[in-house]
Amino acid sequence: MYGDTSIQKPMKIAEPTSEEQAKLEARFQQMVDDDIKIEPQDWMPDAYRKTLVRQMSQHAHSEVIGMQPEGNWLTRAPSLRRKVILLAKIQDEGGHGLYIYSAAETLGTSREDMCKALRDGKAKYSSIFNYPALTWADIGTIGWLVDGAAITNQVALSKGSYGPYCRAMIRICKEESFHQRQGYELLLSLSKGTAEQKAMLQDSVNRFWWPSLMMFGPNDADSPHSAQSMKWKIKKKSNDQLRQEFIDATVPQAEFLGITLPDPDLKWNEERGHYDYGEIDWEEFAHVIKGNGPCNKQRAAAYTKAHEDGAWVREAANAYAAKHAAQAAE
């Protein structure tokens, strides 16, 4: 998808003078302002590169960790059709992680380093995946709310300033759209089912609504990276803008399902043309981000175990590559 995805280390050149640095930064910002995509070979500020690596690695980690709560339900899916759909979705999520890791490697980092940072607890992923999928309805709610929030964010990312990231987002958004529809279709079936199924649906939405809103990050005033990311067009919309878009789109869908959203302050504001909503529990958000959520330790342990269990595959692949390299050199 990206051509040669080998790691492109920044060229070592003489440090520019302060005047040259200012000119480079001005030219870079002008490209961004003119909506010209920044490519790996283009000059970019070190802070831009670091911000992208942080954001893209966190995004890729989220895709991979997000496979865990869904994978836990593969053997318990209620029908072959549901099993096939869920399996396809999990495979997609793994592919999304690979796309984004590949795009991040064009910035001079390595996949090994990014994954090691996750295993060492130095890298983060979306807080939503530290909540458990307790019932079959949660699989639908994850598709509807979690992937719905992801699409809202990722459509904006697809229009950002860094070319490889934007191109990865185009394909990912198409697949996430399928995931969101799959989740909503599952919940629609439950909404037409027994009283127990309807109760399971409502309970699931009650548990995932607020964590889904937290996926967009802190309020704009409290987001340390938002202003600079907006200037560089890594982000095209702020956290609060995206959260509002998601709420406005989701409330009518909830009404069609015949369920209520767990926010007594949620109501249409005719003057604003948007839904008003209650205050998010940011203390809970910080608690989960710091590693103290319901499933933080479980997710980390499962990820590390999968890495260790796959050591023999990596060793075999390296041995195979070395053998063929030696044969080619003869």
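Fair warning: this is a prediction, and the values are worked out from it, not measured in the lab.

Attention now moves to the nonpolar core. Judged by nonpolar contacts, the single largest core of 74 residues is most densely connected at Y48, L52, M56, W144, Y162, Y165 and W209. Residue contributions to this core peak at 10 residues, all from helix α6 (residues 136–157).

Looking at the protein chain as a whole, its pLDDT mean stands at 93, while 96% of the residues score no less than 70. Every residue in residues 1–7 scores below 50 in pLDDT, and together they form 14 contacts with partners more than four places removed in sequence or on other chains.

Once that is clear, we can look at the packing of aromatic side chains. As enumerated under the stated definition, the model contains nine aromatic pairs in all. Plain terms: the ring middles of F28 and Y48 are 4.8 Å apart, the flat faces sit at 70° to each other, and that makes the pair edge-to-face. Within this pair, whereas F28 is found in helix α1 (residues 18–33), its partner Y48 is found in helix α2 (residues 46–65), the two being separated by 20 residues in sequence. A relative accessible area of 0% means that Y48 is categorised as buried.

The contact between α2 and helix α4 (residues 80–105) brings their axes to 7 Å, and the two run at 160°. In this view, α2 runs roughly antiparallel relative to α4, as classed from their interaxial angle. Note that α2 runs across α4; the crossing there is left-handed. Residues M56, H59, A60, H61, E63 and V64 of α2 form the contact with α4, whose participating residues are E93, H96, G97, I100, Y101, A103 and A104.

The next thing to look at is unusual backbone geometry. Both trends apply: most residues other than glycine have a negative phi, and most peptide bonds are in trans. In this structure, D35 takes a positive phi of about 60° despite not being glycine. By secondary structure assignment, the location of D35 is in the loop between α1 and α2. Residue class for D35 comes out exposed when judged on its relative accessible area of 52%. Backbone geometry at K233 places phi at a positive 60°, although glycine is not the residue there. Residue classification places K233 among the buried residues on the basis of a relative accessible area of 18%.

Taken as a whole, helix α5 (residues 111–119) has its buried residues at M114, C115 and L118. One side of α5 carries all its buried residues, which in axial view fall inside an arc of 90°. The secondary structure elements touched by the buried residues of α5 are α2, α4 and α12 (296–309).

Definitions and cut-offs
Counting from 1, residues in each chain are numbered in the order their sequence is written. For this predicted model, a pLDDT threshold of at least 70 governs which residues receive local features, and a threshold of 80 or more governs which side-chain atom pairs are given and counted, while totals over whole chains, interfaces and linings are taken from all residues. Side-chain measures here rest on the full set of heavy atoms in the structure, leaving out hydrogens and waters. Nonpolar cores are built from buried Ala, Val, Leu, Ile, Met, Phe, Trp, Tyr and Cys residues. Side-chain atoms within 4.5 Å join them into one set. Accessibility here uses a 1.4 Å probe with only protein chains present; expressed as a share of the type maximum, an area under 20% marks a residue as buried, one over 50% as exposed, and anything in between as partly exposed. In DSSP terms, a helix is any run of H or I states spanning at least four residues, a strand is any run of E spanning at least two, and both are numbered starting from the N terminus. Each residue carries a pLDDT value, the predictor's own confidence for that position, ranging from 0 to 100. By definition, residues are in contact when any of their heavy atoms lie within 4.5 Å. Here a Phe, Tyr or Trp ring, Trp counted by its six-membered ring, pairs with any other such ring whose centre lies within 6.5 Å, and the pair is stacked when the planes are under 30 degrees apart, edge-to-face when over 60, and tilted otherwise. Between the N-to-C directions of two axes lies an angle of 0 to 180 degrees, each axis being a line fitted to C-alpha atoms and, for a helix, fitted only over the stretch in contact. Convention used here: angles under 35 degrees read as roughly parallel, angles over 145 as roughly antiparallel, angles from 65 to 115 as roughly perpendicular, and any remaining angle as oblique. When the near helix sits turned anticlockwise from the far one by under a right angle, the crossing is termed left-handed; a clockwise turn instead gives a right-handed crossing. The arc in question is the one spanned by the directions pointing from the helix axis to the C-beta atoms.

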